[in-house]
Amino acid sequence: MKYILILLLGIGTLEACENPYEEVSKSKTYAGDPFVSLSSEQATIKLGVSESSNHTMEAGVFKDSLVLSHVLEDDLYVELEMVEDESLGDLDTHFTFQEIVYIAAGTNYGYFDVSGLDIPEDDISKYKLALRIKEVNIEGVIAGLYGIKKENEERQKRFKAYSFQN
């Protein structure tokens, strides 16, 4: 009897919690507003070598992508911005990035370049660029995935950090 009571209390507690998957339909696909997001949370840009691990054949240039959850009927323009508090180094001196990313209608991805410029070799590990999605040109498209929300905390836009390596 004691175990049945514990089981019922557990089920009642779970039902009282918010369902984090409420935007997922019965077919297990996201059914909310379309969102565009950065491809991951971290990347390393190799400055001293030309190899495909940079996603380009040019040393110091990293070709990255944005992913769109739903294919749209219109072209989407996504504006990226540097996250000042998370970046170490100066834009246009140590690194640069493509600020506007184009995602063509009928596709669900777009590409942009991030470049390492004049980064002192001895201090290479001190430099970091953090980017996030600032805004999009179509109303209703969520600009960037948001991190996990703790109780009584505002949601923050997720950013992606780029470190540099020889």
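For the structure, check the block above.
Just so it is clear, the structure is predicted and the values come from calculations on it, not from any experiment.

Here we look at the sheet that holds strand S9 (residues 142–143)
Adjacent strands of a sheet pair through backbone hydrogen bonds, lying either parallel or antiparallel.
Now for step 1: Sheet architecture is open: 5 strands sit in the order S5-S7-S3-S1-S9, paired in mixed fashion. Strands with a single pairing partner mark the edges of an open sheet, and in this sheet they are strand S5 (95–97) and S9.
Now for step 2: When strand S3 (residues 61–68) meets strand S7 (residues 109–116), the two strands line up antiparallel, connected through 7 bridges. Residue pairing across strands places phenylalanine 62 opposite valine 114, the latter belonging to S7.

Here's the deal with the environment of glutamate 41
Now for step 1: Looking at where glutamate 41 falls in the secondary structure, it is placed in the loop between strand S1 (35–38) and strand S2 (42–46).
Now for step 2: Judged by its relative accessible area of 46%, glutamate 41 is partly exposed.
Now for step 3: When the C-alpha atoms of glutamate 41 and lysine 160 are compared, they prove to be 4.4 Å apart, with 119 residues separating the residues in sequence.
Now for step 4: Of the polar contacts made by the side chain of glutamate 41, one reaches the side chain of arginine 158; its length is 3.5 Å.

Side note on the environment of aspartate 75
Now for step 1: With respect to the helices and strands, aspartate 75 occurs in the loop between S3 and strand S4 (76–82).
Now for step 2: The sequence separation of aspartate 75 and alanine 104 amounts to 29 residues, and the corresponding C-alpha distance is 4.7 Å.
Now for step 3: Beyond its immediate chain neighbours, meaning those up to four positions away, aspartate 75 contacts Tyr102, Ile103, Ala104, Ala105, Asn137 and Ile138.
Now for step 4: Here the side chain of aspartate 75 touches tyrosine 102 through a polar contact of 3.3 Å, side chain to side chain.
Now for step 5: For aspartate 75, the side chain forms a polar contact with the main-chain nitrogen of alanine 105, separated by 2.9 Å.

The rules behind each value
- Residues numbered from 1 in each chain as written.
- Predicted model: local features only at pLDDT ≥ 70, side-chain atom pairs only at ≥ 80, totals over all residues.
- Heavy atoms only, no water.
- Pairing = 2+ DSSP bridges.
- Helix = DSSP H or I, 4+ residues; strand = E, 2+ residues; numbered from the N terminus.
- Buried < 20%, exposed > 50% of the residue type's maximum accessible area, 1.4 Å probe, protein only.
- Polar contact = N/O pair within 3.5 Å; in protein donor to acceptor, adjacent residues only side chain to side chain.
- Contact = heavy atoms within 4.5 Å.

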